[in-house]
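Single-letter residue listing:
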Amino acid sequence: MHKKIRLATVFSGIGAIEQALLRMNENYEVVFACDNGEIDVSIDSENELKKVKKMRTIQEKKEYANSFYKKTRRTNYVEQTYLNNYGDNLKNNNFFYDIKLLDGTDFCNQVDLFVGGSPCQSFSIAGARGGFEDTRGTLFYDYVRTIKEIEPKVFIYENVYGVLTHDKGKTWEIMKNVFSELGYYFKWQILNPVNYGIPQSRRRLFVIGFKDKNEYEKFSFPEPIELKFTMQDFLLDNCKEGNFVTDEKGNIELIPGGEKVERFLSEKLVNYVMSPGTKNFMHPNDTKINLPIARAILKTQGNTHRASVNNYVTTNGKIRALEPRESLRLMGFPDSFKITVSRAQSYKQSGNSIVVDVLMRITENIIKATGGFDDGKN
């Protein structure tokens, strides 16, 4: 048994790394989580952060920062889902809404594993090299600022694979320079869940950074494994609610027995989504449904449109979209994961998440490299 892993996350979503640790039966505590639930507020974040840093307690800072979002009277559904699933593991109810107003110095040397991503944004290059200060004004700046302030032993950064070519490669060059400036040794690779047990094609960039050079040298990205399932195996038609489970090692198990799914596209919608579109939409003769390997799950999949057509399936000769539970399964969340929001919100949340099984394989190798984060000092 390893020591309790001290985890912190930003852009936390519905807790993919938390779910990974649960499936792995690892003992962990969430030092803090942070996600604004896609609620937009207009604030002078630089000056507000200065105010936050002058406050005395973490609770006072959290309540002040979150108050800007409370004033909108909009519900943070991500927080709702997160607390319903991981609230017992969250230290002092430390769920923050805004990374731009998060004072990481409160958690310095208290975090073993730090996980998050950030939207892909262009940076203004002030100097020839491009580094930390050149990312100011972007969420990536706040992500790396948080690393700098909390000094985690290991970080996992995730983003779309297109970041490598974004702005003709300049964005990625600056990001690499920034990670080096922080004093971390890091490796990166594009990983696809179809190579790690999940029948979904979803290529993502993963950057793993270590404070300790020896641990960095011991770490390697996980080797691909044989895919045992198709998307059809994950459907409620073939595996009813509650039958998508994991064994004692965290591996997916499907208990035989399906259930009826009765939510289908109307004839009008079928004609719309299967008809020729505009721009880059495919011709209906090229449209494929009932794919054995799902295309990337989208956060907009609940908005019935042509972009999601490749993940439509047929039940008893009728076309339908994936159910929220099926989308979550394709992201590696077993049926024990509680859905406590609307269908529309659940679709958004699964589409914004990271695939759990990819994080499991990465984390297993991190634990091997670090010896379970046990340095004898804790």
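Quick caveat, the model's predicted, so the values are computed rather than measured.

(A) The pairing of strand 4 (residues 113–117), seen in detail. Summarising burial for strand 4: 5 of the 5 residues are buried, a large majority. With burial as the criterion, each face of strand 4 is covered, one bearing Leu 113, Val 115 and Gly 117 and the other bearing Phe 114 and Gly 116. The pairing of strand 1 (residues 5–9) with strand 4 spans 3 bridges and is parallel. Bridging across to strand 4, Thr 9 finds its partner in Val 115. Relative to strand 5 (residues 154–160), strand 4 runs parallel, the two being bridged by 5 bridges. Paired with Val 115 across the bridge in strand 5 is Ile 156.

(B) View of the pattern of salt bridges. For the structure on display, the rule yields 24 salt bridges. Arg 325 serves as the salt-bridge partner of Glu 241, at 3.0 Å between the closest nitrogen and oxygen. Placement of Glu 241 in the loop between helix 8 (231–234) and strand 8 (244–246) and of Arg 325 in helix 10 (residues 324–329) is noted, with a sequence separation of 84 residues between them. Salt bridges sharing partners connect three or more residues here, namely Lys 53, Lys 61, Asp 103, Asp 106, Asp 142, Arg 145 and Glu 149.

(C) Structural view of unusual backbone geometry. Notably, Arg 73 is not glycine yet its phi reads approximately 60°, a positive angle. Not every positive phi belongs to a glycine, and Asn 290 is a case in point at roughly 60°. Structurally, the position occupied by Asn 290 is in the loop between helix 9 (267–273) and strand 10 (313–315). Relative accessible area serves as the criterion here: at 32%, Asn 290 is assigned to the partly exposed category.

(D) Local environment of the nonpolar core. With 63 residues, the main nonpolar core has Leu 113, Ile 156, Phe 206, Ile 208, Phe 333, Ile 362 and Ile 366 as its most contacted residues. In this structure Phe 206 touches Ile 156, Tyr 157, Glu 158, Lys 187, Trp 188, Gln 189, Leu 191, Phe 221, Ile 354, Val 358, Leu 359 and Ile 362, once residues within four positions along its chain are discounted. If you look at the next biggest cluster of nonpolar residues, it comprises 32 residues, including Trp 172, Met 175, Leu 205 and Val 207.

(E) Examining the packing of aromatic side chains more closely. For the coordinates displayed, the defined rule picks out 24 aromatic pairs. Taking the centre distance of 5.2 Å and the plane angle of 75° together, the rings of Trp 172 and Trp 188 count as edge-to-face. Within this pair, whereas Trp 172 is found in helix 6 (residues 170–181), its partner Trp 188 is found in strand 6 (residues 185–191), the two being separated by 16 residues in sequence. Relative accessible area serves as the criterion here: at 38%, Trp 188 is assigned to the partly exposed category. Taken together, the ring pairs connect Phe 32, Phe 96, Phe 107, Phe 114, Phe 140, Tyr 143, Phe 155, Tyr 157, Phe 179, Tyr 184 and Phe 186 into an aromatic cluster. The ring of Tyr 216 has Lys 187 lying over it, and the distance from NZ or CZ to the ring centre is 4.9 Å. A cation over an aromatic ring shows up here: Arg 203 above the ring of Tyr 161, its NZ or CZ 4.0 Å from the ring centre.

Reading guide: rules and limits
Residues numbered from 1 in each chain as written. Predicted model: local features only at pLDDT ≥ 70, side-chain atom pairs only at ≥ 80, totals over all residues. Heavy atoms only, no water. Buried < 20%, exposed > 50% of the residue type's maximum accessible area, 1.4 Å probe, protein only. Helix = DSSP H or I, 4+ residues; strand = E, 2+ residues; numbered from the N terminus. Pairing = 2+ DSSP bridges. Salt bridge = Lys/Arg side-chain N within 4 Å of Asp/Glu carboxyl O. Core = buried A, V, L, I, M, F, W, Y, C linked by side-chain atoms within 4.5 Å. Contact = heavy atoms within 4.5 Å. Phe/Tyr/Trp six-rings, centres within 6.5 Å; stacked < 30°, edge-to-face > 60°. Lys NZ or Arg CZ within 6 Å of the ring centre and 35° of its normal.

These results come straight from atomic positions and should not be treated as a statement about function.
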